[in-house]
Amino acid sequence: MADLVIRKLGKTYFDLYAGRHVTAVADVSLEIHTGEFVSIVGASGCGKTTLLNMVAGFIPPSEGEILLGDRQVKGPGPDRGVVFQGFALFPWKSVLDNVAFGLKMRGVPRAERLRIAEEYVALVGLAGAESRYPTELSGGMQQRVGVARALANSPELLLMDEPFASVDAQTRMTLQEELTRIWEAKHPTILFVTHDVDEAVFLSDRVIVLTRSPGTVRAEVPIPLPRPRSWGRLVEDGRFKALVARVLALVRDSDPPTNPAGGQERSG
Amino acid sequence: MSREAGTQPQPSALRSRVTDAVWFVAPLLALVAAWAVAVRTFHVPLRVFPSVGDVLLAGLQEFQRGSLFEHIRQSLTRVAVGTILAILTSVPIGIAVATNRLVAACLAPILRFFAVLAGIAWIPIATLWFGYGFGAITFVIFNAVFFVVAYNTMLGVASIPQVLRNAAASLGATRWQIFLEVLLPGALPNIVTGIRTGMGYAWRGLIAAEMIATNAGLGYMLFLARDFYRTEVILLGMILIGTIWLAMDRLILAPVERRTIERWGLARRAGA
């Protein structure tokens, strides 16, 4: 297990539509400690997904560096598990084979990897669905598979990119509660990207607010709410409400003044 | 796999499949009946067009002489060898091409050009290179299948979302593992479609090639019969060519294609 250290990270790319260089992320420095749950929030287009993709190794940074322990991030790797917004499950593999994928890639013998995969399928509440295929599952169930697949590989860091944004509101709250339960039981290190302030406050130990265009760290808000957390307990909790209001103010304050409503969510 | 209930023929699915088959065969039987009636009514001479009985008799004779089986065996062997060689080479090449966007963009028009170029267009050059016989005809089949499958494989790989490759890489897959575990299975529905299309071209090309470049096979049988005015053998050959292709396509290729596409979730099961 190792801390994640991001130093002066920046990403500039050439925007074909605008015909000029655009800075998506600028001068971001932050640290995430082992066993910590940290969320990054910001208005849409603030570069939070770009930031996560650089940590995952999917896109190279233009400036700065990313260190996981003493290793520099140079590309994607099994030390950083990723849970995607669109689930990204392999449609030709069963639930169990999806969850066992990382272990198979790393050469874990079949019997053992299936045993471990079954354990994680049960952890996310999908016991009994092992032999089903992704298209036979609801969005919420698919994302449980996505979480189990990432966790079964025992990554040092779990990266979650708006993982619950494409499921309905009821399912989202259930998944948030299950994620807290899993985190409280296993304490994986999690970097969680979302535009949903309630979600960030509910889940995290610490919330980092990014400014918009270019995305840079505006504020860090510690979330000292007691655990275990549940919506039933927190929804009327004054401290929770106050923290949400504070983070929301920071997010909205980073909006351009021409768009006081807070901006529509754009995909991507 | 049998454990998935959705792909098992359920009673209603079975009934609809039988209904489909009846609806498919009935018009063909009606055509045969019309043929029988027409030949009798208009007293068509055998040299112009054979009767149903003439064709059945010709079939029986050819069958007893053993030459019918030999022609079919030769034709099927050529198709099998040409197709298998083409699949083994075109799939890896299609995937390799697709993983490099620039190469894919450059090669797409070329592959597409050759994919639509009829198999028989290769006969003259094939006979110059390989002489008359197995080599030339197999080469024609190979070309008919190769370019279609390579082109479809490329399309298939290009249609795999980048996020699936990212997911595999973040789970520790190497480049080779991504090839085997993501690109190959991800492109499979397109590959199967390519094989089905390519074999359709190959079968037509085969018959044409056998008329020109060999001394065995269904196409040869057809062409030889012409020299002896044996219209009943010509008709027999035509019926066999059509029937064998329909059987291969409907009993093997189409079900495989349907099942792959269903499993891969690209198309919902009928009624779902």
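Residues numbered from 1 in each chain as written. Chains lettered and ligands numbered in written order. Predicted model: local features only at pLDDT ≥ 70, side-chain atom pairs only at ≥ 80, totals over all residues. Heavy atoms only, no water.

Draft legend 1. Layout of the nonpolar core. In terms of nonpolar packing, the biggest core is built from 102 residues, with Leu4, Ile6, Phe90 and Leu191 of chain A together with Val182 and Trp203 of chain B touching the most fellow members. It is helix α6 (residues 134–158) of chain B that provides the largest number of residues to this core, a total of 15 residues. Looking at which domains feed residues into this core, each of domain 1 (1–79 + 156–262) and domain 2 (89–154) of chain A gives three or more. Not counting residues up to four positions away in its chain, the partners in contact with Leu4 of chain A are Leu30, Glu31, Ile32, Val55, Ile66, Leu67, Leu68, Leu157 and Leu191 of chain A. (Core = buried A, V, L, I, M, F, W, Y, C linked by side-chain atoms within 4.5 Å. Buried < 20%, exposed > 50% of the residue type's maximum accessible area, 1.4 Å probe, protein only. Helix = DSSP H or I, 4+ residues; strand = E, 2+ residues; numbered from the N terminus. Domains from an automatic or database assignment. Contact = heavy atoms within 4.5 Å.)

Draft legend 2. Structural view of helix α5 (residues 139–152) of chain A. Residues and elements named next belong to chain A. Look at α5: 20 Å from first C-alpha to last across 14 residues, which is about the 20 Å you get at 1.5 Å a residue. Of the positions making up α5, those classed as buried are Gly140, Gln142, Gln143, Arg144, Val145, Gly146, Val147, Ala148, Arg149, Ala150, Leu151 and Ala152. At the exit of α5 stands Ser154, carrying a positive phi of roughly 45 degrees. (Expected span 1.5 Å × (residues − 1).)

Draft legend 3. Broad picture of the interface of chain A and chain B. If you look at the interface, chain A gives 25 residues, while chain B gives 23 residues. Of the roughly 2100 Å² buried where chain A meets chain B, counting both sides, 65% is carbon and sulfur surface. Sorting the residues of chain A by area buried against chain B places Trp92, Met105 and Tyr133 of chain A first, and these three jointly supply 32% of that buried surface. Linking chain A to chain B there are two salt bridges. In this structure, Glu181 of chain B and Lys104 of chain A form a salt bridge, with 2.9 Å as the shortest nitrogen-oxygen distance. The interface formed by chain A and chain B contains five residue pairs in polar contact (both at pLDDT 80 or more). Secondary structure elements with two or more residues in the side of chain A that touches chain B: β6 (80–83) and α3 (101–105) of chain A. Considering only residue class, the side of chain A that touches chain B consists of 13 nonpolar, six polar and six charged. (Buried area = accessible area lost by both parts, 1.4 Å probe. Salt bridge = Lys/Arg side-chain N within 4 Å of Asp/Glu carboxyl O. Polar contact = N/O pair within 3.5 Å; in protein donor to acceptor, adjacent residues only side chain to side chain. Nonpolar A, V, L, I, M, F, W, Y, C, P; charged D, E, K, R; others polar.)

Draft legend 4. The arrangement of unusual backbone geometry in detail. The omega torsion across Arg227 of chain A and Pro228 of chain A is -5 degrees, close enough to zero to call that bond cis. Looking at the secondary structure, you find Pro228 of chain A in the loop between β10 (217–222) and α8 (231–234). A positive phi angle, close to 40 degrees, is found at Glu162 of chain A, a residue other than glycine. Turning to its location among the elements, Glu162 of chain A is positioned in the loop between β7 (157–161) and α6 (169–186). The phi torsion at His43 of chain B lies on the positive side, around 50 degrees, for a residue other than glycine.

Draft legend 5. Quick look at the pattern of salt bridges. Residue and element names in this part refer to chain A. This structure, assessed with the given rule, holds 24 salt bridges over all chains. The partner of Arg71 in a salt bridge is Glu156, with the nearest N and O atoms 3.4 Å apart. Of the two residues, Arg71 is situated in strand β5 (residues 71–72) and Glu156 in the loop between α5 and β7; the sequence distance between them amounts to 85 residues. The partner of Glu119 in a salt bridge is Arg115, and the shortest N-O contact between them spans 3.6 Å. Residue Glu119 and its partner Arg115 are both found in helix α4 (residues 110–123); the two are separated by four residues, about one turn of the helix. In this structure Arg115 comes out as partly exposed when scored by relative accessible area, which is 45%.

Draft legend 6. Just the domain arrangement of chain A, in detail. Residues and elements named next belong to chain A. Split into domains, chain A comes out as domain 1 (1–79 + 156–262) and domain 2 (89–154). Look at where the C-alpha atoms of domain 1 and domain 2 centre, and you get two points 25 Å apart. With 15 residues of domain 1 at the contact, the number on the domain 2 side is 13 residues. Between domain 1 and domain 2, roughly 1100 Å² of surface is buried when both sides are summed, and carbon and sulfur atoms account for 67% of that area. Summed over the three residues of domain 1 that lose the most area to domain 2, namely Pro78, Ile182 and Lys186, the buried surface amounts to 35% of that side.

Draft legend 7. Representation of the sheet that holds β10 of chain A. Residue and element names in this part refer to chain A. Here six strands make up an open sheet; going across it, the order is β6-β7-β8-β3-β9-β10 and the pairing mixed. Looking at strand neighbours, the two that pair on one side only are β6 and β10, the edges of this open sheet. Shown here is a sheet whose adjacent strand axes are inclined to one another by a mean of 20 degrees, direction ignored. In terms of strand pairing, strand β9 (residues 206–210) meets β10 through five bridges, oriented antiparallel. Bridging from a neighbouring strand, Ile208 pairs with Glu220 of β10. Of the strands in this sheet, β3 (37–41), β6, β7, β8 (190–194) and β9 are in contact with helix α1 (residues 48–56), which crosses β7 at around 150 degrees. On top of the sheet, α5 reaches β6 and β7; it is set at about 180 degrees to β6, its chief contact. (Pairing = 2+ DSSP bridges. Axes fitted to C-alpha atoms, helices over the stretch in contact; angles between N-to-C directions.)

Draft legend 8. Main features of the packing of aromatic side chains. All chains considered together, the criterion is met by 20 aromatic pairs over all chains. Residues Trp122 of chain B and Phe139 of chain B carry aromatic rings whose centres are separated by 5.8 Å and whose planes lie at 85 degrees to one another, so their mutual orientation is edge-to-face. Separated by 17 residues along the polypeptide, Trp122 of chain B in the loop between α4 (101–116) and α5 (123–130) and Phe139 of chain B in helix α6 bring together distant segments of the chain. Note on Trp122 of chain B: relative accessible area 15%, which makes it buried. Given a relative accessible area of 15%, Phe139 of chain B falls into the buried group. Arranged with centres 5.2 Å apart and planes meeting at 40 degrees, the rings of Phe130 of chain B and Phe139 of chain B form a pair that is tilted. By relative accessible area, which is 44% here, Phe130 of chain B ends up partly exposed. Over the ring of Phe90 of chain A we find Arg149 of chain A, and its NZ or CZ is 5.1 Å from the ring centre. (Phe/Tyr/Trp six-rings, centres within 6.5 Å; stacked < 30°, edge-to-face > 60°. Lys NZ or Arg CZ within 6 Å of the ring centre and 35° of its normal.)

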